[in-house]
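# Working through the structure, step by step
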Amino acid sequence: MEDTPNRPDETPRDYKIMALLLQSHGVEDCDPGVINQLLEFSHRYTVDVLQDALVYAEHAKKSDIDLEDVRLAIQGRVNYSFTSPPEKEFLLELAEERNKHPLPLIPEKYGVRLPPEKYTLTGVNFHIVPEQRTQNSVSGPKPATGNTGPNVPP
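As the structure is a computational prediction, the values presented were derived from the model and not from experiment.

Turning to the packing of helix α2 (residues 32-59) against helix α3 (residues 67-81), a few remarks are in order. Two elements in contact, α2 and α3, have axes whose closest approach is 8 Å; the angle formed by their N-to-C orientations is 120 degrees. Overall, the two elements α2 and α3 adopt an arrangement that is oblique. Along this stretch, α2 crosses α3, giving a crossing that reads as right-handed. Between α2 and α3, the residues in contact are Y45, D48, V49, D52, A53, Y56 and A57 and D69, V70, L72, A73, I74, R77 and V78, respectively. Residues of the contact of α2 with α3, tallied by class, amount to 10 nonpolar, no polar and four charged.

Turning our eyes to something else, we now look at the pattern of salt bridges. Side-chain pairing between opposite charges can occur once the charged atoms of the two side chains come close. Applying the stated rule across the entire model yields six salt bridges. In this structure, R77 engages D52 in a salt bridge whose closest nitrogen and oxygen atoms are separated by 3.2 Å. Residue R77 is found in helix α3, and its partner D52 is found in helix α2; the two are separated by 25 residues along the sequence. R77 sits in the buried class, given a relative accessible area of 11%. Several salt bridges share partner residues, and in doing so they unite K62, D66 and D69 into one network.

Let us now look at the nonpolar core. Formed by Y15, M18, A19, L22, C30 and I35, the largest nonpolar core amounts to six residues. The element contributing the most residues to this core is helix α1 (residues 13-24), with four residues. If we skip the residues at most four places from it in the chain, M18 touches I35, L38, L39 and S42.

Even without glycine at this site, K61 takes up a positive phi of about 55 degrees. Tracing the backbone through its elements, the reader meets K61 in the loop between α2 and α3.

The next thing to look at is the packing of α1 against α2. With their axes 10 Å apart at the nearest point, α1 and α2 run at an angle of 105 degrees to one another. Of the possible angle classes, the one that applies to α1 and α2 is roughly perpendicular. Here D14, Y15, M18, A19 and L22 of α1 lie close against α2, whose contacting residues are P32, I35, N36, L38, L39 and S42. Residue classes in the contact of α1 with α2 are distributed as eight nonpolar, two polar and one charged.

The next point concerns the side chain of R77. Of note is the side chain of R77, whose polar atom sits 3.2 Å from the side chain of D52. Once residues within four sequence positions are removed from consideration, R77 is found in contact with Y45, D48, V49, D52 and F82.

Cut-offs used in this document
Each chain carries its own residue numbering, running from 1 in the direction its sequence is written. Reporting in this predicted model follows two pLDDT cut-offs: at least 70 for local features of residues, and 80 or more for side-chain atom pairs to be given and counted; totals over whole chains, interfaces and linings ignore these cut-offs and use all residues. The side-chain quantities take in all heavy atoms of the structure and omit both hydrogens and water. Note on geometry: axes are C-alpha line fits, over the in-contact stretch for helices, and angles between N-to-C directions span 0 to 180 degrees. Secondary structure elements are taken from DSSP: a helix is a run of H or I of four residues or more, a strand is a run of E of two residues or more, and numbering for both begins at the N terminus. Under this scheme an angle from 65 to 115 degrees is roughly perpendicular, one under 35 degrees roughly parallel, and one over 145 degrees roughly antiparallel; angles in between are oblique. Each crossing gets its handedness from the near helix: less than a right angle anticlockwise from the far helix is left-handed, clockwise is right-handed. By definition, residues are in contact when any of their heavy atoms lie within 4.5 Å. The nonpolar class holds Ala, Val, Leu, Ile, Met, Phe, Trp, Tyr, Cys and Pro. Asp, Glu, Lys and Arg form the charged class, and all remaining residues, Gly among them, are polar. Salt bridge, as used here: a side-chain nitrogen of Lys or Arg that lies within 4 Å of a carboxyl oxygen of Asp or Glu. Each residue is assigned to one of three classes by its accessible area relative to the maximum for its type, calculated with a 1.4 Å probe on protein chains only: buried under 20%, partly exposed between the two thresholds, exposed over 50%. Definition used in this section: a nonpolar core is a set of buried Ala, Val, Leu, Ile, Met, Phe, Trp, Tyr and Cys residues joined via side-chain atoms within 4.5 Å. N or O atoms within 3.5 Å of each other form a polar contact, as long as, within protein, one can give a hydrogen and the other can take it, and as long as residues adjacent in sequence are counted only when both atoms are side-chain atoms.

Right, dumping it as structure tokens:
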């Protein structure tokens, strides 16, 4: 595995430990960002568990966090943080049901296939209503009088 871009003697201890953990699980090489992400995840998870344990200890009117508080906090996090994947048999049944219906044939059209006009952003999404003609506009414009209004000079 690659070390951090720094010199090996400047590599943080936690980074080295995470790299050793990955190597012990058979990961031969990975991007340095992976180790940083795992460190961030483990730090965030640990902080959240300890905060929950502190809340449980305060609720029990204890001055210190004990092992039972930490166990309860971990148990509470496991229930909504981590989920198990669906069983293989269920996925096979789902795939078999989905694959019963063949995909529609691709139409033989040339060029780029675009969605209908009403779903495109370049389509016209408004209607221009022509101005209604009144009796005055049919006979022509009115002649201007001497007084054009208070804000317009004569």
